[in-house]
Amino acid sequence: MTELSYLAGFGNQHQSEARPGALPVGRNSPQRVALGLYAELLSGSAFTAARAENQRSWLYRRQPSVVVGGYQPLAAPLWRSGAAEGELAPPDPLRWHPLPGEAGQDFVDSLRTLVVNGDPAAQLGMGAHVYALDRAMGRRALVNADGEMLLVPQQGRLLITTELGRLEVAPGYIALLPRGLAFKVDPLDGEGQLHRGYVCENFGAAFRLPELGPIGSNGLANARDFEAPVAWFEHEAGAYEIVKRYGGRLWRATQVHSPFNVVAWHGNLAPCRYELARFMTINTVSFDHPDPSIFTVLTSPSDTPGWANVDFVIFPPRWMVAEDTFRPPWYHRNVMSEFMGLVLGQYDAKPGGFKPGGASLHNSMVPHGPDTEAFAKASAATLQPHKLEATMAFMFETRWPLRPTAWALQSAPLDTAYADCWQGLKDEFPHA
């Protein structure tokens, strides 16, 4: 990994300075900030939000973010948002093969939307995107004013430069980038090499750790394992193109200085990374298959308790020990809509057709479950302790139906034979 430094703890109050003496003591916005810096507040919640839910960080920077030119529209026909920009698809299960990628594209240009719901203007819903980049963003930065972005790398390491510092993320890590924060994403495994992954764009309430309830005080994702970057600022002078995601569209402007000029910061609104291997899995030790909600890493709640705007759920390596139990996921229909991706290995319910880098959609009340091969194998397996290894699947689960985009249905590598994987499930009921 790159030699970068981190602060630990999700949502913790942090302070960091790249130059000694840059942080003010005892006040946030002194009359004259040390070292000729400007004080700027980044708020991720309303000022009057409850103290436990209030998110904000103070930034001390060489020039404030208001120093930027006028914005002009930037075409981005394949990056969509909101249910209105999706297609009303039939209630079928959908699956996509891995995105091959196009040469010469950076993170912004390579983003392709597979499914959407909600409305960014109403601050609800999400979009699920894929990226396949092979080029650095260079003197280009992205600011998403519509929602926060959760990156799930599948192939290739990334260096994410943000206003508050730098993060390195690789497959097996995630990165969470707050709404309104400037950042850029660069490949670390060499220009020209394919770097691929998934993005959840969350228009609703900010992601947080789920409540643990009867699980108690330990388990699932621990706050201390989320790492925020220490302060870092770019020394190189020169203009930057600022790409802004605003109102479901992209806009561009040019400014004469780097947006990565924050010398010091303090607060609890910060980008962070998390290593999925640190997730403390909870599972059955007796019988029956528990609900997948026990694998929730982060949740974005809605106004209805228990019905998430978005849940980020993983299916990591784990021991399977249940007695007299069908161990893969059971056949089910769900009021929640499920977008799945595969980072590594194979998914136990789809051993053949679901490939790393691929994706699937099982919308609200669309039946799904193990394919014929998985069902036959699991039904006849000798039930003894068994560890699922070298696997990592995930799910963006949301209370609202997800609409595939026109690109997802017409141009993406759609698996048109997906439904055939269940056709071998025969009626075995004894007749008279």
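None of these values were measured; they are calculated from a predicted model. (Residues numbered from 1 in each chain as written. Predicted model: local features only at pLDDT ≥ 70, side-chain atom pairs only at ≥ 80, totals over all residues. Heavy atoms only, no water.)

Draft legend 1. Layout of the pairing of strand 19 (residues 262-267). Most of strand 19 sits out of view: six of its six residues are buried. Here strand 2 (residues 14-17) pairs with strand 19 via four bridges, running antiparallel. Across the sheet, His14 pairs through a bridge with Gly267, a residue of strand 19. Here five bridges tie strand 4 (residues 56-61) to strand 19, and the two strands are oriented antiparallel to one another. Across the sheet, the residue bridging to Ser57 is Gly267, located in strand 19. (Buried < 20%, exposed > 50% of the residue type's maximum accessible area, 1.4 Å probe, protein only. Helix = DSSP H or I, 4+ residues; strand = E, 2+ residues; numbered from the N terminus. Pairing = 2+ DSSP bridges.)

Draft legend 2. Focus on empty space enclosed by the protein. Using the criterion set out here, one finds one cavity of 30 Å³ or more in the structure. Quantified by volume, the largest cavity comes out at close to 50 Å³. Around the largest cavity sit Trp96, His97, Leu99, Leu114, Val130, Gly357, Gly358, Ala359, Trp407, Ala412 and Pro413, which together line it. In terms of residue class, the lining of the largest cavity is made up of eight nonpolar, three polar and no charged. (1 Å grid on protein atoms, 1.4 Å probe; cavity = no way out; pocket = protein on both sides within 12 Å on 5 of 7 lines; lining within 4 Å. Points joined across faces, edges and corners; volume = space filled by probe spheres on them. Nonpolar A, V, L, I, M, F, W, Y, C, P; charged D, E, K, R; others polar.)

Draft legend 3. Molecular detail of the layout of surface pockets. The space that makes up the second largest pocket amounts to roughly 510 Å³. Lining the second largest pocket are 21 residues, and of these Pro328, Asp348, Lys377, His386 and Leu388 lie nearest its centre. Where the lining of the second largest pocket is concerned, the elements lending two or more residues are strand 23 (318-320), helix 2 (372-380) and strand 26 (386-388). In terms of residue count, the dominant contributor to the lining of the second largest pocket is helix 2 (three residues). A class-by-class count of the residues in the lining of the second largest pocket yields eleven nonpolar, five polar and five charged.

Draft legend 4. Spatial organisation of the sheet that holds strand 27 (residues 392-398). On the basis of which strands lie adjacent, the open sheet formed by six strands has the order 6-25-24-27-22-21 and antiparallel pairing. Looking along the sheet, the strands with just one partner apiece sit at the ends: strand 6 (94-96) and strand 21 (296-300). Each adjacent strand pair in this sheet contributes to an overall mean axis angle of 15 degrees, direction not counted. The sheet contact formed by strand 6 and strand 25 (residues 359-362) spans three bridges and is antiparallel. (Axes fitted to C-alpha atoms, helices over the stretch in contact; angles between N-to-C directions.)

Draft legend 5. Structural context of the pattern of salt bridges. In this structure the tally under the stated criterion is 19 salt bridges. Salt-bridge contacts for Glu85 lead to Arg249; the nearest nitrogen and oxygen are separated by 2.4 Å. Of the two residues, Glu85 is situated in the loop between strand 5 (72-74) and strand 6 and Arg249 in strand 18 (residues 249-255); the sequence distance between them amounts to 164 residues. In this structure, Arg140 engages Asp109 in a salt bridge whose closest nitrogen and oxygen atoms are separated by 3.3 Å. Of the two residues, Arg140 is situated in strand 9 (residues 140-144) and Asp109 in helix 1 (residues 107-110); the sequence distance between them amounts to 31 residues. Judged by relative accessible area, which is 10%, Arg140 ranks as buried. One salt-bridge network, in which partners are shared between bridges, spans Asp106, Asp109, Arg135, Arg140, Glu241 and Arg252. (Salt bridge = Lys/Arg side-chain N within 4 Å of Asp/Glu carboxyl O.)

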